[in-house]
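Observations on chain architecture
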Amino acid sequence: MAKPAPLIVVSGPSGAGKGTVVKRLLEMRPDVFVSVSATTRPARSGERHGTDYLFVSTQRFLAMRDRGEFLEWAEVYGNLYGTPRAPIETALSQGRTALAELDIQGAQATKRAKPDAVLVFIEPPSLEDLVLRLRGRGTEDAESLSRRVKASYEEVKAKGVYDHIVVNSVVETAAGELLRILEEQEKARR
Ligand code: 5GP
């Protein structure tokens, strides 16, 4: 019998360009299911409920958590984030490759819950580059920026837990590498 479709977890410091790499991957592979996390973080301008995140109140988040609706959940930069379990299970059972963008705690928790999940770390060419990108994005206030930069140093130190490391200097190349990892997993499970 064919093994279930692969679950790919993508992590990386805030500002490493994860979102852009994943977006490019989806242009090449629109069939891949991307998990939409629930979060208590307020939406940034341009973010849409149901597409970028499910933006929920803390009360609602905790109720979802208590009902066991999350595959994993974590507090990141002072907000709660959780991965809804059911949509991922449905996608995998339909033979669709699934992808979730999670922080390192989420990646590790997912690996514990699903040992054959594949963890991919996307890193910027250098930490200096990351600070510049994060500043340039202009989405964070000074406190959040400094928190994210500190956490980035920790994440880069912990990258040893990942199965693959992709350096994002050129988006096209990084997305191509991510696609290769995904296809390798799909082939191995057929
Ligand atoms: P942001 O606030 O920039 O959208 O995301 C902050 C961090 O939370 C990123 O590292 C992102 O990958 C992570 N994240 C997003 N959704 C989840 C989730 O459902 N679970 C966990 N553990 N981390 C998440």
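Look a little higher up for the structure.
For the structure given in this document, a descriptive report is provided here. (Residues numbered from 1 in each chain as written. Predicted model: local features only at pLDDT ≥ 70, side-chain atom pairs only at ≥ 80, totals over all residues. Heavy atoms only, no water.)

Focus: the environment of Asp-103
Turning to its location among the elements, Asp-103 is positioned in the loop between strand S7 (98–101) and helix H4 (104–113). When neighbours within four sequence positions are excluded, Asp-103 is seen to be in contact with Ser-11, Ala-74, Val-76, Glu-155 and Tyr-162. Within the structure, the side chain of Asp-103 is placed 2.8 Å from the side chain of Gln-105, a separation counted as a polar contact. (Helix = DSSP H or I, 4+ residues; strand = E, 2+ residues; numbered from the N terminus. Contact = heavy atoms within 4.5 Å. Polar contact = N/O pair within 3.5 Å; in protein donor to acceptor, adjacent residues only side chain to side chain.)

Considering the packing of aromatic side chains
Tallying each qualifying case throughout the model produces five aromatic pairs. Where Phe-61 meets Trp-73, the ring centres are 6.4 Å apart and the plane angle is 70°; that geometry is what we call edge-to-face. On the criterion of sequence distance, the pair formed by Phe-61 in helix H2 (residues 58–66) and Trp-73 in strand S5 (residues 70–76) is long-range, its members being twelve residues apart. Since its relative accessible area comes to 38%, Trp-73 is described here as partly exposed. Chaining the aromatic ring pairs together yields one cluster made of Tyr-53, Phe-55 and Tyr-81. In this structure, Arg-65 is placed above the aromatic ring of Trp-73, and the distance from its NZ or CZ to the ring centre is 5.0 Å. (Phe/Tyr/Trp six-rings, centres within 6.5 Å; stacked < 30°, edge-to-face > 60°. Buried < 20%, exposed > 50% of the residue type's maximum accessible area, 1.4 Å probe, protein only. Lys NZ or Arg CZ within 6 Å of the ring centre and 35° of its normal.)

Comments concerning the pattern of salt bridges
Across all of its chains, the model carries 14 salt bridges by this definition. For Arg-44, the salt bridge identified is with Glu-47, shortest N-O distance 3.8 Å. Among the charged side chains, a network of salt bridges with common partners joins Arg-41, Arg-44, Glu-47, Glu-140 and Arg-148. (Salt bridge = Lys/Arg side-chain N within 4 Å of Asp/Glu carboxyl O.)

Quick notes on unusual backbone geometry
For Tyr-77, which is not a glycine, the phi torsion comes out positive at approximately 50°. By the element assignment, Tyr-77 lies in the loop between S5 and strand S6 (79–84). Tyr-77 gets classed as buried once you look at its relative accessible area, which sits at 19%.

Describing the packing of helix H1 (residues 18–28) against helix H7 (residues 171–189)
Closest axis-to-axis distance for the H1/H7 pair is 9 Å, and the angle between their directions is 60°. Judged by the angle between their axes, H1 and H7 are oblique. The crossing of H1 and H7 is right-handed. Across from Thr-20, Val-21, Arg-24, Leu-25 and Met-28 in H1, the residues of H7 making contact are Val-171, Glu-172, Ala-174, Ala-175, Gly-176, Leu-178, Leu-179 and Leu-182. The residue inventory of the contact of H1 with H7, partitioned by class, reads nine nonpolar, two polar and two charged. (Axes fitted to C-alpha atoms, helices over the stretch in contact; angles between N-to-C directions. Parallel < 35°, antiparallel > 145°, perpendicular 65-115°, else oblique. Left-handed = near helix turned anticlockwise from the far one by under 90°. Nonpolar A, V, L, I, M, F, W, Y, C, P; charged D, E, K, R; others polar.)

What about the site of the ligand?
Around the ligand sit 17 residues in total, of which Ser-37, Arg-41, Tyr-53, Glu-72 and Tyr-81 are the nearest. Taking Thr-83, its side chain carries an N or O atom lying 3.2 Å from an oxygen atom of the ligand. Comparing atom positions with the cavity grids shows the ligand to sit within the largest pocket. For the shell around the ligand, the secondary structure elements donating two or more residues are S5 and S6. (Near = heavy atom within 4 Å. 1 Å grid on protein atoms, 1.4 Å probe; cavity = no way out; pocket = protein on both sides within 12 Å on 5 of 7 lines; lining within 4 Å. Sits in = over half its atoms within 2 Å of the grid points.)

Concerning the sheet that holds strand S9 (residues 164–167)
Strand order across the open sheet formed by five strands is S2-S7-S1-S8-S9, with parallel pairing between neighbours. The sheet terminates laterally at strand S2 (33–34) and S9, the two strands that pair on one side only. In the sheet, S2 pairs with S7 via two bridges, with the strands oriented parallel. Paired with Val-34 across the two strands is Leu-99, which belongs to S7. Of the strands in this sheet, strand S1 (7–11) and strand S8 (118–123) are in contact with H4, which crosses S1 at around 160°. (Pairing = 2+ DSSP bridges.)

Details of the layout of surface pockets
One number sums up the size of the largest pocket: a volume of about 1,300 Å³. As for the largest pocket, its lining consists of 43 residues, of which Lys-18, Gly-19, Arg-44, Tyr-53 and Glu-101 are closest to the centre. Elements with a minimum of two residues in the lining of the largest pocket: H1, S5, S6, S7, helix H5 (127–137) and helix H6 (142–157). Counting residues per element, the lining of the largest pocket draws most heavily on H1, which supplies six residues. Residues of the lining of the largest pocket, tallied by class, amount to 14 nonpolar, 15 polar and 14 charged. (Points joined across faces, edges and corners; volume = space filled by probe spheres on them.)

Treat this as a map of the structure, not an account of what it does.
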